[in-house]
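Chain residues, written in single-letter form:
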Amino acid sequence: MPTVELRFSAQPEHVRTARLVAAAVARRAGVDEAVLDEVRLAVGEACSRAVGLHRSHDIAAPITVVLTEEEKAFSIEVGDGHAAQGSDASGVSTPGGGPDQPDTDADSEDEMGLAVISGLVDDVEVRPGADGGVIRMTWPTAPAVVLP
(Lines give C-alpha, C1' and ligand atoms only; values in the text may rest on other atoms or scores of the structure.)
Protein backbone atom coordinates (compact mmCIF):
# COMPACT_ATOMS: atom_id res chain seq x y z
CA MET A 1 0.00 0.00 0.00
CA PRO A 2 1.86 3.10 -1.17
CA THR A 3 1.17 6.03 1.15
CA VAL A 4 1.91 9.75 0.96
CA GLU A 5 1.62 11.85 4.10
CA LEU A 6 1.48 15.64 4.27
CA ARG A 7 1.69 17.75 7.39
CA PHE A 8 1.14 21.48 7.30
CA SER A 9 0.50 24.37 9.64
CA ALA A 10 -3.03 25.77 9.78
CA GLN A 11 -2.55 28.38 7.07
CA PRO A 12 -5.15 28.73 4.30
CA GLU A 13 -2.45 29.01 1.63
CA HIS A 14 -1.38 25.39 2.29
CA VAL A 15 -4.82 24.06 1.32
CA ARG A 16 -4.07 24.59 -2.37
CA THR A 17 -0.90 22.51 -2.10
CA ALA A 18 -2.84 19.69 -0.43
CA ARG A 19 -5.41 19.77 -3.25
CA LEU A 20 -2.73 19.60 -5.94
CA VAL A 21 -0.89 16.73 -4.25
CA ALA A 22 -4.15 14.83 -3.69
CA ALA A 23 -5.13 15.13 -7.36
CA ALA A 24 -1.69 14.01 -8.54
CA VAL A 25 -1.57 10.99 -6.23
CA ALA A 26 -5.20 10.07 -7.04
CA ARG A 27 -4.41 10.16 -10.77
CA ARG A 28 -1.37 7.94 -10.26
CA ALA A 29 -3.45 5.54 -8.11
CA GLY A 30 -5.95 5.05 -10.94
CA VAL A 31 -8.88 7.21 -9.86
CA ASP A 32 -11.08 7.95 -12.88
CA GLU A 33 -10.11 11.20 -14.57
CA ALA A 34 -13.74 12.41 -14.41
CA VAL A 35 -13.66 12.18 -10.59
CA LEU A 36 -10.42 14.12 -10.03
CA ASP A 37 -12.24 17.45 -9.69
CA GLU A 38 -14.35 15.93 -6.91
CA VAL A 39 -11.18 14.68 -5.20
CA ARG A 40 -9.66 18.17 -5.38
CA LEU A 41 -12.82 19.85 -4.09
CA ALA A 42 -13.37 17.34 -1.27
CA VAL A 43 -9.76 17.55 -0.08
CA GLY A 44 -9.88 21.33 -0.28
CA GLU A 45 -13.06 21.41 1.80
CA ALA A 46 -11.71 18.96 4.38
CA CYS A 47 -8.43 20.85 4.70
CA SER A 48 -10.19 24.24 4.89
CA ARG A 49 -12.42 22.82 7.62
CA ALA A 50 -9.34 21.60 9.53
CA VAL A 51 -7.61 24.97 9.12
CA GLY A 52 -10.72 26.72 10.47
CA LEU A 53 -10.91 24.40 13.49
CA HIS A 54 -7.22 24.87 14.26
CA ARG A 55 -7.41 28.64 13.97
CA SER A 56 -10.63 29.04 15.96
CA HIS A 57 -9.37 26.80 18.78
CA ASP A 58 -5.72 27.98 18.75
CA ILE A 59 -4.36 24.52 17.95
CA ALA A 60 -0.64 24.52 17.18
CA ALA A 61 -0.40 20.89 15.96
CA PRO A 62 -0.10 20.38 12.21
CA ILE A 63 -2.94 19.22 9.99
CA THR A 64 -2.25 15.81 8.50
CA VAL A 65 -3.31 14.46 5.12
CA VAL A 66 -2.67 10.76 4.47
CA LEU A 67 -3.19 9.52 0.90
CA THR A 68 -3.25 5.73 0.56
CA GLU A 69 -3.38 3.62 -2.58
CA GLU A 70 -5.05 0.30 -1.84
CA GLU A 71 -5.77 -2.65 -4.15
CA LYS A 72 -9.09 -1.36 -5.55
CA ALA A 73 -9.47 1.96 -3.79
CA PHE A 74 -7.77 5.25 -3.05
CA SER A 75 -8.35 6.90 0.30
CA ILE A 76 -7.52 10.23 1.84
CA GLU A 77 -7.64 10.96 5.56
CA VAL A 78 -7.56 14.56 6.74
CA GLY A 79 -6.81 14.81 10.44
CA ASP A 80 -7.22 17.86 12.61
CA GLY A 81 -6.06 18.40 16.18
CA HIS A 82 -9.48 19.40 17.43
CA ALA A 83 -10.78 16.89 19.95
CA ALA A 84 -14.56 16.99 19.61
CA GLN A 85 -16.20 18.56 22.64
CA GLY A 86 -19.37 16.63 21.94
CA SER A 87 -20.17 13.94 19.44
CA ASP A 88 -22.97 11.70 18.37
CA ALA A 89 -22.74 7.91 18.10
CA SER A 90 -20.90 8.12 14.78
CA GLY A 91 -18.20 10.37 16.21
CA VAL A 92 -19.42 13.43 14.33
CA SER A 93 -18.97 16.59 16.30
CA THR A 94 -22.24 18.04 17.50
CA PRO A 95 -22.81 21.79 17.17
CA GLY A 96 -21.70 23.82 20.16
CA GLY A 97 -20.27 20.76 21.88
CA GLY A 98 -23.59 19.46 23.17
CA PRO A 99 -27.35 19.87 23.21
CA ASP A 100 -27.32 22.52 25.96
CA GLN A 101 -24.79 24.79 24.24
CA PRO A 102 -25.73 27.18 21.44
CA ASP A 103 -24.47 26.86 17.87
CA THR A 104 -21.70 29.21 16.85
CA ASP A 105 -20.74 30.48 13.40
CA ALA A 106 -17.76 28.09 13.45
CA ASP A 107 -20.08 25.16 14.17
CA SER A 108 -22.35 26.14 11.28
CA GLU A 109 -19.37 26.38 8.93
CA ASP A 110 -18.15 23.00 10.19
CA GLU A 111 -21.52 21.39 9.45
CA MET A 112 -21.65 23.06 6.03
CA GLY A 113 -18.18 21.75 5.20
CA LEU A 114 -19.18 18.22 6.17
CA ALA A 115 -22.33 18.51 4.04
CA VAL A 116 -20.29 19.62 1.01
CA ILE A 117 -17.84 16.73 1.47
CA SER A 118 -20.70 14.24 1.81
CA GLY A 119 -22.16 15.57 -1.44
CA LEU A 120 -18.85 15.12 -3.27
CA VAL A 121 -17.77 11.74 -1.92
CA ASP A 122 -19.91 8.59 -1.86
CA ASP A 123 -17.73 6.84 0.73
CA VAL A 124 -16.95 9.27 3.56
CA GLU A 125 -16.45 8.62 7.26
CA VAL A 126 -16.01 11.19 10.03
CA ARG A 127 -14.61 9.86 13.27
CA PRO A 128 -12.61 10.89 16.29
CA GLY A 129 -8.90 10.11 15.99
CA ALA A 130 -6.07 9.78 18.48
CA ASP A 131 -5.31 13.50 18.39
CA GLY A 132 -8.54 14.98 17.03
CA GLY A 133 -11.03 14.37 14.26
CA VAL A 134 -10.44 12.47 11.03
CA ILE A 135 -12.34 12.65 7.75
CA ARG A 136 -11.71 9.56 5.59
CA MET A 137 -12.76 9.73 1.95
CA THR A 138 -12.48 6.77 -0.43
CA TRP A 139 -12.79 6.47 -4.21
CA PRO A 140 -12.64 3.34 -6.39
CA THR A 141 -9.68 2.87 -8.68
CA ALA A 142 -9.52 1.29 -12.11
CA PRO A 143 -7.06 -1.54 -12.64
CA ALA A 144 -3.94 -0.56 -14.54
CA VAL A 145 -4.13 -1.42 -18.24
CA VAL A 146 -1.06 -3.18 -19.57
CA LEU A 147 -0.41 -2.39 -23.22
CA PRO A 148 1.04 -5.21 -25.40
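Look up: the structure comes first, before these words.
Residues numbered from 1 in each chain as written. Predicted model: local features only at pLDDT ≥ 70, side-chain atom pairs only at ≥ 80, totals over all residues. Heavy atoms only, no water.

Side note on the environment of Val78
Under the convention used in this document: Put simply, DSSP H or I for four residues or longer makes a helix, DSSP E for two residues or longer makes a strand, and each gets a number counted from the N terminus. Buried means the residue's accessible area, taken with a 1.4 Å probe over protein chains only, is under 20% of the maximum for its type, while exposed means over 50%, and partly exposed covers the values in between. We call two residues in contact whenever any of their non-hydrogen atoms come within 4.5 Å of each other.
If you trace the backbone, Val78 turns up in strand S3 (residues 73–79). According to the relative accessible area criterion, Val78 is buried, its value standing at 3%. What Val78 contacts, discounting residues up to four positions off in sequence, is Ala46, Cys47, Ala50, Ile63, Thr64, Val65, Gly133, Val134, Ile135 and Met137.

Let's talk about the pattern of salt bridges
Basically, it comes down to this: Take a side-chain nitrogen of Lys or Arg and a carboxyl oxygen of Asp or Glu: if they are within 4 Å of each other, that pair is a salt bridge.
Under the criterion given, the structure shown has nine salt bridges. With its nearest N and O atoms 2.9 Å apart, the salt bridge here joins Arg136 to Glu77. Of this pair, Arg136 sits in strand S5 (residues 132–140) while Glu77 sits in strand S3, placing them 59 residues apart in sequence. Arg127 is the partner of Glu125 in a salt bridge, and the nearest nitrogen-oxygen pair spans 3.8 Å. Relative accessible area serves as the criterion here: at 37%, Glu125 is assigned to the partly exposed category. Exposure remark for Arg127: the relative accessible area of 26% places this residue in the partly exposed category. A cluster of three or more residues bridged by salt bridges with shared partners is formed by Glu70, Glu77, Glu125, Arg127 and Arg136.

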